[in-house]
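# Structural characterization, general
Given next are the chains, with one letter for each unit.
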Amino acid sequence: MPAELYYDLLLQVFAALWKSPDQEFSTIRQTVTSAALVCHRWTSPAQAVLYRTCNIVIQYEPSREAAATTTRALFARTMGSSIHLRPLVRELHLSIQTNDYASLLSWLNLLPPGRLLSLHILVSEGRLSGGARFQPWILNFPAIRSVRHLKLGCSLRERDFEECFALPHIQSLYLKSPVNGCWLLPTHAALPLTLEWLTLAP
């Protein structure tokens, strides 16, 4: 069997398993992770499924020991040591639960531009998170500049809209109601020509 066909077949098998409704996700993830270790020909298609969608929690890290075991730290370490895995990340979910997170997102610079297709950012804005807010500089990482689909689960300000509209390849935008609850899109910021779908949520 040609190598390309063998890869595509395994990719479809692992992708179907990943979406299986009959098992708990933790079991499915462990199964695909184990499959990646079976043999060399299974590794690449299994990894493509494992890293396609990544869910990362950005939270307060009280100590170096605690920080080393977070999903963010483990993912950053993996991306730093395994260059071949970086292009596999196609969808990224960020759950931000702290207001001081600038240094906790430096690993985004490791992701190559042109590969990440979808980005979902959820910001916990309550008191427990220190009043965390969305910061538009997140959208300036090279990998994020190439996203086609962006969903922001957080309150936005006028400059935030401008940064979203400036994404050169954006096709769909899901935006939450701004801080004051009123949708007042900046009149001087034109909608991007690539935009096909805009959702303004309450």
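Along each chain, residues carry numbers from 1 onward, in the same order as the chain's sequence is written. In keeping with the model being predicted, local features are shown solely for residues with a pLDDT of at least 70 and side-chain atom pairs are shown and tallied solely at 80 or more, while totals for entire chains, interfaces and linings include all residues. To get the side-chain values, all heavy atoms of the structure are used, and hydrogens and water are removed first.

### Quick notes on the side chain of Ser 146
Going by this rule: Secondary structure counts use DSSP, requiring at least four H or I residues in a row for a helix and at least two E residues in a row for a strand, with both numbered from the N terminus. Between two residues, a contact is recorded if the distance between any of their heavy atoms is within 4.5 Å.
Looking at the element boundaries, Ser 146 is found in the loop between helix 6 (142-145) and strand 4 (149-153). With sequence-adjacent residues up to four places away left out, Ser 146 is seen in contact with Pro 113, Gly 114, Arg 115, Leu 116 and His 169.

### Section: helix 5 (residues 71-81)
For clarity, the threshold we go by: In this scheme, a residue with accessible area under 20% of its type's maximum is buried, one over 50% is exposed, and one in between is partly exposed, where area comes from a 1.4 Å probe on protein chains only. As used here, the arc belongs to the directions running from the helix axis to the C-beta atoms.
Of all the residues in helix 5, the buried ones are Arg 72, Ala 73, Phe 75, Ala 76 and Met 79. Angularly, the buried residues of helix 5 cover 165 degrees about the axis, an arc narrow enough to put them on a single face.

### Considerations on the state of the cysteines
The bond known as a disulfide is covalent and runs between the sulfur atoms of two cysteines. The criterion, for reference: When the sulfur atoms of two cysteines come within 2.5 Å, that pair is taken as a disulfide.
For the coordinates displayed, the defined rule picks out 0 disulfides. Looking at Cys 154, it has no disulfide partner, and the nearest cysteine sulfur is the one in Cys 164, 8.1 Å off.

### Focus: the sheet that holds strand 4
Counted only if it meets this: At least two DSSP bridges between two strands are needed for those strands to be called paired. Only the contacting stretch of a helix is used when fitting its axis, a line to C-alpha atoms as for every element, and angles between N-to-C directions run 0 to 180 degrees.
In space, the 6 strands of this open sheet follow the order 1-2-3-4-5-6, with parallel pairing throughout. Looking along the sheet, the strands with just one partner apiece sit at the ends: strand 1 (53-58) and strand 6 (197-201). Here the strands of the sheet are splayed against their neighbours by 10 degrees on average, with no regard to which way each runs. The pairing of strand 5 (residues 172-176) with strand 6 spans 5 bridges and is classified as parallel.

### Re the confidence of the model for the protein
Segments scoring low in pLDDT should not have their predicted coordinates read at a detailed level. Convention followed: Confidence scores per residue from the predictor, reported as pLDDT, run from 0 to 100.
Model confidence for the protein is summarised by a mean pLDDT of 84, while 84% of its residues fall at 70 or above. Element-level pLDDT for the protein is lowest in helix 4 (residues 64-67), with a mean of 66, against a maximum mean of 94 in helix 6.

### Considerations on the packing of aromatic side chains
Going by this rule: Between the rings of Phe, Tyr and Trp (Trp by its six-membered ring), a pair exists once the centres lie within 6.5 Å; its type follows the angle of the planes, with under 30 degrees stacked, over 60 edge-to-face, and the other angles tilted.
Applying the stated criterion to the full structure yields 5 aromatic pairs. Measuring from ring centre to ring centre gives 5.8 Å for Tyr 101 and Trp 137, while their planes differ by 35 degrees; the resulting arrangement is tilted. Pair noted here: Tyr 101 is in the loop between strand 2 (91-96) and strand 3 (118-123) and Trp 137 is in the loop between strand 3 and helix 6, with a separation of 36 residues, a long-range link. Look at Trp 137 and you get partly exposed, because its relative accessible area is 31%. Ring-pair connections join several aromatic residues into one group, and the members of that group are Tyr 101, Trp 137 and Phe 141.

### Some words on the nonpolar core
The nonpolar side chains of a soluble globular protein tend to be buried with one another. We apply this condition: In this description, a nonpolar core means a group of buried Ala, Val, Leu, Ile, Met, Phe, Trp, Tyr and Cys residues linked to one another through side-chain atoms lying within 4.5 Å.
One finds Leu 92 and Trp 107 to be the most contacted residues of the largest nonpolar core, which totals 54 residues. Take this core: its biggest share by element is 4 residues, from helix 3 (residues 40-50). Filtering out sequence-adjacent residues up to four positions away, Trp 107 remains in contact with Ile 56, Ile 58, Arg 72, Phe 75, Ala 76, Leu 92 and Leu 94.

### A short note on the pairing of strand 2
In terms of strand pairing, strand 1 meets strand 2 through 6 bridges, oriented parallel. Bridging from a neighbouring strand, Val 57 pairs with Ser 95 of strand 2. Note that strand 2 and strand 3 share 6 bridges and pair parallel. Paired with Ile 96 across the two strands is Val 123, which belongs to strand 3.

### Brief notes about the pairing of strand 5
For clarity, the cut-off: Orient the strands so they point away from the viewer; a crossover is then right-handed if the path from the first strand over the helix to the second runs clockwise.
Sheet topology places strand 4 next to strand 5; 4 bridges connect them, and they run parallel. Of the residues in strand 5, the one forming a bridge with Lys 151 is Tyr 174. The parallel pair strand 4 and strand 5 is bridged by helix 7 (residues 158-165), and the resulting crossover is right-handed.

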